[in-house]
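# Structural description and commentary
Here is what each chain is made of, one letter per residue.
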Amino acid sequence: MIIDQHTDLYGVVGYPLCHTMSPIMHNTAFEVTGVNAIYLAFETRDIDGCLKGIKALGIKGMSITLPYKSSVISLLDEVDGLAKKIGAVNTIVNKGGHLVGYNTDAIGALKALEEKIELSGKTCLIIGAGGAARAIGFILKKNGVEVKVANRSTERGRALAHSLACPFIHIDQLANTGADLLIHTTPVGMTPYNYQCVVPEHILKKGMAVMDIIYNPIETRLLTMARARGCLTINGLGMFIHQGAEQFRLWTGIEPPIGAMKQAVKEALRN
């Protein structure tokens, strides 16, 4: 790839970002499709300054990750209807200095789940109350799934449960909570803290489907425990790739090379 004065710039903003695979995924997509663009990681504690920089430097698009998916909304010029309903943005498109926010986490999670299970009539326990939890809870409710939220912070957990019009359970009170599907959305267990897990092992029941949206590592401690207890496990790679594919469509208008994107991330994780 030749980088020149015509190369468009994209990136991901969050803190921390030391183990993100987004640059590998998106740069592979640009290379395969012949788009003259590059994607970089911008680790920052100044999200306000970052958005001003996007406009000033003409950066074409940005992925938004922890901890800015909700707080970024007030800094945007426009928010897509779905992202507004969810209350979280993970994608920015720069339309000539007019920053528009979207949410591709929701469709990414839905596609990843539908590849593995039938969702109709299921009950789901969501662990966590951040931007990804909001997106997943919204899209699951929209698709007829009964949702419950569990979180360590009562304030944040109750706020999400209220916005989803669903029950809240403190994570320490899950002993008698049943569900067909459990989705873990917190960063606990992400590389380099691979051996941490906030989900109590005793709530993992045989036949339950367990999804961890962490993709680095692909096999988290939660998924290892769940498989040992007879659960169907779903790692975070599918959601990561599908949400990235939706971002690529928004930025370029081109159909993303999903197979190549997935293979590139898998190889990077193996190495």
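The coordinates are above.
No experiment lies behind these values; they were computed from the predicted model shown. (Residues numbered from 1 in each chain as written. Predicted model: local features only at pLDDT ≥ 70, side-chain atom pairs only at ≥ 80, totals over all residues. Heavy atoms only, no water.)

Taken as a whole, the largest pocket holds about 1,100 Å³ of empty space. Elements that contribute at least two residues to the lining of the largest pocket include exactly strand E3 (61-64), helix H5 (131-142) and helix H8 (237-252). Broken down by element, the lining of the largest pocket gets its largest block of residues, four residues, from H8. For the lining of the largest pocket, the class distribution of residues is 26 nonpolar, 20 polar and four charged. (1 Å grid on protein atoms, 1.4 Å probe; cavity = no way out; pocket = protein on both sides within 12 Å on 5 of 7 lines; lining within 4 Å. Points joined across faces, edges and corners; volume = space filled by probe spheres on them. Helix = DSSP H or I, 4+ residues; strand = E, 2+ residues; numbered from the N terminus. Nonpolar A, V, L, I, M, F, W, Y, C, P; charged D, E, K, R; others polar.)

All told, the structure shown has five aromatic pairs when counted by the stated rule. Judged by centre distance (5.7 Å) and plane angle (40°), the rings of phenylalanine 30 and phenylalanine 248 are tilted. Of this pair, phenylalanine 30 sits in helix H1 (residues 22-33) while phenylalanine 248 sits in helix H8, placing them 218 residues apart in sequence. A relative accessible area of 0% places phenylalanine 30 in the buried class. Clustering of aromatic rings is evident, with ring pairs tying together Tyr10, Phe30, Tyr39, Phe248 and Trp251. The ring of tyrosine 15 carries arginine 45 above its face, with NZ or CZ at 3.8 Å from the centroid. (Phe/Tyr/Trp six-rings, centres within 6.5 Å; stacked < 30°, edge-to-face > 60°. Buried < 20%, exposed > 50% of the residue type's maximum accessible area, 1.4 Å probe, protein only. Lys NZ or Arg CZ within 6 Å of the ring centre and 35° of its normal.)

If you check H1, its first and last C-alpha atoms are 17 Å apart, about what 12 residues at 1.5 Å a residue would give, namely 16 Å. Residues of H1 that are buried: Ser22, Pro23, Met25, His26, Thr28, Ala29 and Phe30. Contacts from the buried residues of H1 go to strand E1 (8-14), strand E2 (37-43), E3, H8 and helix H9 (258-270). Where H1 ends, the next residue or the one after it, glycine 34, has phi of about 75°, a positive value. (Expected span 1.5 Å × (residues − 1). Contact = heavy atoms within 4.5 Å.)

What follows covers helix H2 (residues 47-57). Residues Ile47, Cys50, Leu51 and Ile54 constitute the buried set of H2. In an axial view of H2, the angular spread of the buried residues amounts to 100°, which keeps them on one side of the axis. Across H2 from its buried face, at more than 90 degrees, point the exposed residues Lys52, Ala56 and Leu57. The inward-facing, buried residues of H2 abut E1, E3, strand E5 (91-95) and strand E6 (98-102). (Arc of directions from axis to C-beta.)

This part is about the sheet that holds E6. Taking strand neighbours across the sheet as the criterion, the six strands line up as E2-E1-E3-E5-E6-E4 in an open arrangement whose pairing is mixed. The open sheet has two edge strands with one neighbour each: E2 and strand E4 (78-79). Direction of pairing for E4 relative to E6: parallel, over a ladder of two bridges. Pairing of glutamate 78 across the sheet is with valine 100, part of E6. (Pairing = 2+ DSSP bridges.)

What follows deals with the sheet that holds strand E8 (residues 146-151). An order of E9-E8-E7-E10-E11-E12 is seen for the six strands of this open sheet, with the pairing classed as parallel. The open sheet has two free edges, formed respectively by strand E9 (168-170) and strand E12 (232-234), since each of these has just one partner strand. Averaged over all pairs of adjacent strands, the angle between strand axes in this sheet comes to 20°, irrespective of strand direction. Relative to E8, strand E7 (residues 123-127) runs parallel, the two being bridged by five bridges. In the strand pairing of E8, isoleucine 127 is matched with alanine 150. Each of E7, E8 and strand E10 (181-184) is contacted by H5, which is oriented at about 170° to E7, the strand it contacts most. (Axes fitted to C-alpha atoms, helices over the stretch in contact; angles between N-to-C directions.)

This next bit is on the pattern of salt bridges. Using the criterion set out here, one finds eight salt bridges in the structure. The partner of glutamate 246 in a salt bridge is lysine 111, with the nearest N and O atoms 3.1 Å apart. Taken as a pair, glutamate 246 in helix H8 and lysine 111 in helix H4 (residues 105-114) lie far apart in primary sequence, 135 residues in all. Ionic pairing is found between glutamate 255 and arginine 249, a salt bridge with its closest N-O pair at 2.7 Å. Here glutamate 255 falls in the exposed class, since its relative accessible area comes to 54%. By relative accessible area, arginine 249 is classed as partly exposed at 24%. Among the ionic contacts, a cluster of salt bridges with common partners joins Lys111, Glu246, Arg249 and Glu255. (Salt bridge = Lys/Arg side-chain N within 4 Å of Asp/Glu carboxyl O.)

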